[in-house]
Amino acid sequence: MNKKVMVITGTRKGIGRYLSEYYLGKNFIVIGCSRSESDLKHEKYEHFCLDVADEKAVNKMISAISKKYGKIDYLINNAGIASMNHSLLTPLSVVEKVFKTNVFGTFVFCREAGKIMAKNKFGRIINFATIATPLKMEGESVYAASKSAIESITKILAKEFSTYNITVNAIGPTPIYTDLIKNVPKEKMDSLLNMQTINRYGEFDDISNVIDFFISDKSNFITGQVIFLGGVSY
Amino acid sequence: MEKHRIKEILNKTVNEYFESQDFNEKANEDTVLFGKESVLDSMGLVNVIIDIESRFLDEDYEISLTSEKAMSRRNSPFRTISTLADFIGEQVTENEEIDE
Ligand SMILES: NC(=O)c1ccc[n+]([C@@H]2O[C@H](COP(=O)([O-])OP(=O)(O)OC[C@H]3O[C@@H](n4cnc5c(N)ncnc54)[C@H](OP(=O)(O)O)[C@@H]3O)[C@@H](O)[C@H]2O)c1
């Protein structure tokens, strides 16, 4: 099959929804998932209702894809949740929820898709980090820590998977206007934008631009990298 | 699924891996897969495990060799083809019971 097969997590809304439509537009087969149903209807789109931290459900999804298409070219681990709160006021149940979705979900998708990619000796994995980690933003200890774990996973899997011709990279977006940040007070947002080198909100196509670079055939020498938007760095 | 069928699949998968690596070996149930005496290095074992999982999937058996059960046993189920067949046998039976 010469059509590209892309798996994207968290596709019901936000960045994941945008990326689904963007890559369907490029004639890819896109398989998405989220906890709730998606209203995206497209002949090349397939949706799975699952929680990314549900290991069994993820195994089933990846097996189904492997049977149907025999390969996964690209995996975009976009599903993620945030928690913005002072640490003294953060219950452990929230910490658990954030880590389950962001870290466990990313890991299990990397592992399962990684097996299919390894068999085909090709794959590109893109994970989602955040500028909150390098900027050490107050109120985001849990969220930033979970994304920091994703950075470690990205860099180490890059090594472990390199013999299979699989690259593993991450993108670290600045704030982009989605539901994820809609409840953050404006002053907080403004001070955040001021910490960036380029002081504006990110746009959806800032994300797809970086992903296009990571998945490009020519990027087979690029792995274990985290690209932050807006000029942010450690 | 019968035990001898499981062993058959394992032998075939491991032999294919040996061939792909130009190893002059033939797999049988005593072939050591894991540990000092194994002909496989750690990456070789990972590759074989991936192949085995996908081979069973082709037969419509979803097995997972990365389970905590497998990692926590004193005697690794990956030691030989025979021990691995027993371990897979347990999972296959569990799945068959769920389907009924
Ligand atoms: N927007 C930003 O400013 C920003 C900045 C930096 C990084 N990011 C990262 O970008 C990614 C996407 O964020 P977004 O802004 O698009 O968020 P969003 O608008 O809140 O969308 C999140 C998506 O993930 C799905 N999802 C959440 N938890 C899930 C779970 N446990 N299992 C399966 N699906 C789940 C949601 O669908 P369901 O609710 O149906 O499950 C939804 O489709 C996240 O990793 C986020 O951390 C965003």
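Note that the structure is a prediction, hence the values are computed from the model and not measured.

S.K.: Can you help me understand the overall build of chain B in this one?
M.R.: The number of helices and strands found in chain B is four helices and zero strands. Walking chain B from its N terminus toward its C terminus, one meets helices and strands in the order α-α-α-α. Against the globule reference of 13 Å for 100 residues, chain B gives a C-alpha radius of gyration of 13 Å, in line with a compact fold. Going through the 100 residues of chain B one by one, you find that 44% of them count as buried. Contacts in chain B between residues far apart in sequence, at least 24 positions, make up 57% of those at least 6 positions apart. In the form shown here, chain B has an accessible surface area of approximately 6000 Å², with 45% of it arising from carbon and sulfur atoms. Side-chain charges in chain B split into 11 positive and 24 negative, and the spacing between the mean points of these groups amounts to 6 Å.

S.K.: Explain the site of the ligand to me, please; I cannot follow it from the model alone.
M.R.: Residue and element names in this part refer to chain A. Contacts to the ligand come from 30 residues, most closely from Arg12, Ile15, Arg35, Tyr143 and Thr178. Contact between the ligand and Asp51: a nitrogen atom at 3.1 Å from a side-chain N or O atom of the residue. When isolated, the ligand has an accessible area of 890 Å², and the protein chains bury 96% of it. Going through the elements one at a time, α1 (14–24) and α4 (141–161) are the ones with two or more residues in the shell around the ligand. Each residue belonging to the shell around the ligand can be placed in one class, and the counts come to 13 nonpolar, 11 polar and six charged.

S.K.: Help me understand the packing of aromatic side chains in this model?
M.R.: Working definition: an aromatic ring pair is given by the centre-to-centre distance plus the angle between the planes. Residue and element names in this part refer to chain A. What the rule picks out here adds up to 10 aromatic pairs over all chains. When the centroid spacing of 5.3 Å and the interplanar angle of 20 degrees are considered together, the rings of Tyr23 and Phe28 count as stacked. Here Tyr23 and Phe28 have matching classes, each one buried. Seen from their ring centres, Phe213 and Phe214 are 5.8 Å apart, and the 40 degrees between their planes marks the pair as tilted. Sitting over the ring of Phe122, Lys4 keeps its end group 5.9 Å from the ring centre.

S.K.: Please clarify how the pattern of salt bridges should be interpreted in this entry.
M.R.: Opposite charge on two side chains makes pairing possible when the charged atoms of those side chains draw close. Throughout the structure, instances matching the rule amount to 20 salt bridges over all chains. For Arg17 of chain A, the salt bridge goes to Glu21 of chain A, with nearest N and O atoms at 2.5 Å. Placement of both Arg17 of chain A and Glu21 of chain A in helix α1 is noted, with a separation of four residues, approximately one turn of the helix. In this structure, Glu8 of chain B and Arg5 of chain B form a salt bridge, with 2.8 Å as the shortest nitrogen-oxygen distance. Taken as a pair, Glu8 of chain B and Arg5 of chain B lie in helix α1 (residues 3–20) at a separation of three residues, close to a single helical turn. Arg5 of chain B gets classed as partly exposed once you look at its relative accessible area, which sits at 28%. One connected set of salt bridges, linked through shared partners, spans Glu55, Arg111, Glu112 and Lys115 of chain A together with Glu53 of chain B.

S.K.: It is not clear to me how the pairing of strand β4 (residues 74–77) of chain A should be interpreted in this structure. Could you clarify?
M.R.: Along any regular strand the residues' side chains alternate between the sheet's two faces. All names here are of chain A. Burial along β4 is two-sided: Tyr74 and Ile76 and Leu75 and Asn77, pointing in opposite directions, are all buried. Two elements, strand β1 (residues 5–9) and β4, share three bridges in a ladder whose sense is parallel. Bridge pairing links Val7 to Leu75 in β4. Pairing of β4 with strand β5 (residues 123–128), which is carried by four bridges, proceeds in the parallel orientation. Within the sheet, the bridge partner assigned to Leu75 lies in β5 and is Ile125. The β-α-β motif built from β4, the intervening helix α3 (residues 92–120) and the parallel element β5 has right-handed crossover chirality.

S.K.: Teacher, can you tell me more about the interface of chain A and chain B here?
M.R.: How big an interface is tends to be expressed through the accessible area that disappears when the partners come together. The interface of chain A with chain B comprises 10 residues on the first partner and 11 residues on the second. Between chain A and chain B, a total of about 940 Å² is buried, with carbon and sulfur atoms accounting for 51% of that surface. Summed over the three residues of chain A that lose the most area to chain B, namely Lys67, Lys115 and Tyr164 of chain A, the buried surface amounts to 49% of that side. In this structure, Lys115 of chain A and Glu53 of chain B form a salt bridge, with 2.7 Å as the shortest nitrogen-oxygen distance. Viewed at the interface, chain B and chain A are joined by five residue pairs in polar contact (both at pLDDT 80 or more). Secondary structure elements with two or more residues in the side of chain A that touches chain B: α2 (55–69) and α3 of chain A. For the side of chain A that touches chain B, a count of residues per class yields two nonpolar, three polar and five charged.

S.K.: Would you mind going over the nonpolar core with me for this structure?
M.R.: One broad trend across soluble globular proteins is that nonpolar side chains are buried collectively. Membership of the largest hydrophobic core comes to 33 residues, with the highest contact counts inside it found for Ile31, Met61, Ile65 and Phe109 of chain A. Those elements giving two or more residues to this core turn out to be β1, β2 (29–34), α2, α3, α4 and β6 (166–172) of chain A. If you tally residues by element for this core, the top one is α3 of chain A, at eight residues. In this structure, Ile6, Ile9, Val48 and Ile81 of chain B belong to the second largest nonpolar core, which totals 25 residues.

S.K.: Honestly, the side chain of Ser219 of chain A in this entry has me stumped. Any pointers?
M.R.: Residue and element names in this part refer to chain A. Structurally, the position occupied by Ser219 is in the loop between α6 (204–215) and β7 (226–228). Among the polar contacts listed, one links the side chain of Ser219 to the backbone oxygen of Phe213, at a separation of 2.4 Å. Once residues lying within four places of it in the same chain are set aside, the contact partners of Ser219 are Arg124, Thr167, Phe213 and Phe214.

Cut-offs used in this document
- Residues numbered from 1 in each chain as written.
- Chains lettered and ligands numbered in written order.
- Predicted model: local features only at pLDDT ≥ 70, side-chain atom pairs only at ≥ 80, totals over all residues.
- Heavy atoms only, no water.
- Helix = DSSP H or I, 4+ residues; strand = E, 2+ residues; numbered from the N terminus.
- Rg over C-alpha atoms; globule rule 2.2 N^0.38 Å.
- Buried < 20%, exposed > 50% of the residue type's maximum accessible area, 1.4 Å probe, protein only.
- Contact = heavy atoms within 4.5 Å.
- Areas by Shrake-Rupley, 256 points an atom, 1.4 Å probe, with all protein chains shown as cover.
- Lys, Arg positive; Asp, Glu negative; His and termini not counted.
- Charge placed at Lys NZ, Arg CZ, Asp CG, Glu CD.
- Near = heavy atom within 4 Å.
- Polar contact = N/O pair within 3.5 Å; in protein donor to acceptor, adjacent residues only side chain to side chain.
- Nonpolar A, V, L, I, M, F, W, Y, C, P; charged D, E, K, R; others polar.
- Phe/Tyr/Trp six-rings, centres within 6.5 Å; stacked < 30°, edge-to-face > 60°.
- Lys NZ or Arg CZ within 6 Å of the ring centre and 35° of its normal.
- Salt bridge = Lys/Arg side-chain N within 4 Å of Asp/Glu carboxyl O.
- Pairing = 2+ DSSP bridges.
- Right-handed = clockwise from strand over helix to strand, strands pointing away.
- Buried area = accessible area lost by both parts, 1.4 Å probe.
- Core = buried A, V, L, I, M, F, W, Y, C linked by side-chain atoms within 4.5 Å.

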